[in-house]
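# Coordinate inspection notes
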Amino acid sequence: MSTVPPDVPAAGPPVAVGEPRWKVAVPWRSLLMVGALVAIWVVFSLTTDGTFLRPRNLSLLARQTSVTAILAVGMVLVIVAGQIDLSVGALAGLMGGVAAMAYMQRQWPLGVAFLAVLLFGALLGAAQGSLVAFLKIPPFIVTLGGMLLFQGALLGITGGITVSPSRPFLYVGQAYVPAWLGWLAAGLMAAVFLADGVRTGGRRLWTRAGLAALALGFTAVMNAYEGIPVPVFLLLALAGLFSGAARHTRFGRHLYAIGGNREAAFYSGISIEKHIVGVFTVMGLLSAVAGIVLTARVGAATSDAGRIMELDAIAAAVIGGTSLLGGQGTVWGALLGALVMASLDNGMSLMNTEAFWQPIIKGSILVAAVAVDMLGRRTRG
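Residues numbered from 1 in each chain as written. Predicted model: local features only at pLDDT ≥ 70, side-chain atom pairs only at ≥ 80, totals over all residues. Heavy atoms only, no water.

### Overview of the environment of Ala81
The condition that has to hold: Labels follow the DSSP assignment, with helices taken as runs of H or I lasting at least four residues and strands as runs of E lasting at least two, numbered in each case from the N terminus. The contact criterion used throughout is that any non-hydrogen atoms of two residues lie within 4.5 Å.
As for its placement among the helices and strands, Ala81 is situated in the loop between α2 (55-80) and α3 (88-104). As for Ala81 and Leu255, which are separated by 174 residues in sequence, their C-alpha atoms are 4.8 Å apart. What Ala81 contacts, discounting residues up to four positions off in sequence, is Leu255, Ile258 and Gly259.

### Some words on the side chain of Gln151
Threshold: Burial classes follow relative accessibility: with a 1.4 Å probe on protein chains only, a residue under 20% of its type's maximum area counts as buried, one over 50% as exposed, and anything between as partly exposed.
With respect to the secondary-structure elements, Gln151 resides in helix α5 (residues 139-158). Take Gln151: its relative accessible area is 18%, and that puts it in the buried class. Those residues in contact with Gln151 that lie beyond four places of it in its chain are Ala90 and Arg307.

### Looking at α5
Let me state the cut-off plainly: Between the first and last residue of a helix there are one fewer steps than residues, each counted as 1.5 Å, and that sum is the expected span. To be clear, the arc concerns the directions from the helix axis to the C-beta atoms.
Given a rise of 1.5 Å per residue, 20 residues ought to cover 28 Å, and the 28 Å separating the end C-alpha atoms of α5 matches this to within 8%. The set of residues buried in α5 consists of Pro139, Val142, Thr143, Gly146, Met147, Phe150, Gln151, Leu154 and Thr158. Angular distribution of buried residues about the axis of α5 spans 165°; they occupy a single face of the element. Of the exposed residues in α5, those oriented more than 90 degrees away from the buried face are Leu148, Leu149 and Gly156. The secondary structure elements touched by the buried residues of α5 are α3, α4 (110-134), α12 (272-298) and α13 (309-319).

### Focus on the nonpolar core
Quick reminder of the rule: To form a nonpolar core, buried Ala, Val, Leu, Ile, Met, Phe, Trp, Tyr and Cys residues must be joined to one another through side-chain atoms within 4.5 Å.
Core analysis: the biggest nonpolar cluster contains 97 residues, and Ile70, Val73, Met75 and Leu286 have the highest contact counts within it. Once residues lying within four places of it in the same chain are set aside, the contact partners of Met75 are Asp85, Val88, Met283, Ala313, Ile314 and Ala317.

### Points about the environment of Ala342
In this structure, Ala342 sits in helix α14 (residues 331-350). On the basis of relative accessible area, Ala342 is assigned to the buried category, the value being 7%. For the pair Ala342 and Thr68, spaced 274 residues apart in sequence, the C-alpha separation works out to 8.8 Å. With near-sequence residues (within four places) excluded, Ala342 lies in contact with Leu61, Gln64 and Thr65.

### A look at the side chain of Thr68
Mapped onto the fold, Thr68 is located in helix α2. With a relative accessible area of 16%, Thr68 lands in the buried category. Setting aside its immediate chain neighbours within four residues, Thr68 contacts Met309, Asp312, Ala313, Ala316 and Ala338.

### Overview of the confidence of the model for the chain
Formally: Values of pLDDT, which run from 0 to 100, indicate the predictor's confidence residue by residue.
Overall, the predicted model of the chain reaches an average pLDDT of 86, with 90% of residues at or above 70. In this model residues 1-26 is a low-confidence stretch, pLDDT under 50, and it forms 49 contacts with partners more than four residues away in sequence or in other chains.

### Structural notes on unusual backbone geometry
Although it is not a glycine, Gln107 adopts a positive phi angle of roughly 60°. A relative accessible area of 58% means that Gln107 is categorised as exposed. Not every positive phi belongs to a glycine, and Asn352 is a case in point at roughly 55°.

Pasting the structure below:
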């Protein structure tokens, strides 16, 4: 019986269990991504005669980012735990279709339909996590099988026919938050950032001041059009919730510990199986949220909804600094990665660029992001 206390690893690299690597992450990685995003925006602004940076287009860009970013929030937690989930796009499509059919065809109350779908998504995620945790089936195989299963189920329940929900359902994906509520949320967020910066002092004060200014500036731009889109407001709430969970709860810290050094986590008394089931459950829940938002945003549930969205979510997480080797990554970084990818799609569409360039450029950026991560690990090692 090991006598190692629960929060101290028995062996491994100098990253203590319960001390996720986001605390020692090198700032230049985030600065590089911010610089790349600024460069992309400047280029597209010049090539579209300023159309790209107009409030209307930025509002559309934010809403376009929301679905992928919601999936990326959960994908970060999955990857930092040393796992992978290839089924999230198909699961999102299935859950969006189930929600639309329950509301339109079964006449369920909207709240009941949404709640049932969220629970169903979490249950399916837990089922996949159980196969990985207790039967030791590689997550790649489990979730690849899940992806095919969910795609087939969606085709079966829709019969290949598009289901178009009515206006109350569409509010989640197409409406805007009132300006006063946006300013209230931005003010509270800025106050939290500044309070944290004053408490910690040093460089963090300037960083937090910058984030506070960013929150207020973002709200001003969104309100210059019609307000913060509801899916974006939901995304920011989820990102704040799960970022806080990753940083300030035992569950979150232990996910980083498992991904950073699984053996040390085991000998420290962490229940690896329970955490794996838990993180896949969270991923299933967020897939259901993304599915509802996707269906509401496009105004229809189709038989091919969610196709390849799992790749976009993984790419967003990796571009945002999450290591595929586990143990490193942040939720806010994944949002930045999702915004980079959506900006490329949006800008090239405004330029009427031929469609084949979009996957080529995004794939190149993904490979470059992984290469930077591997080079950084070699340098630190």
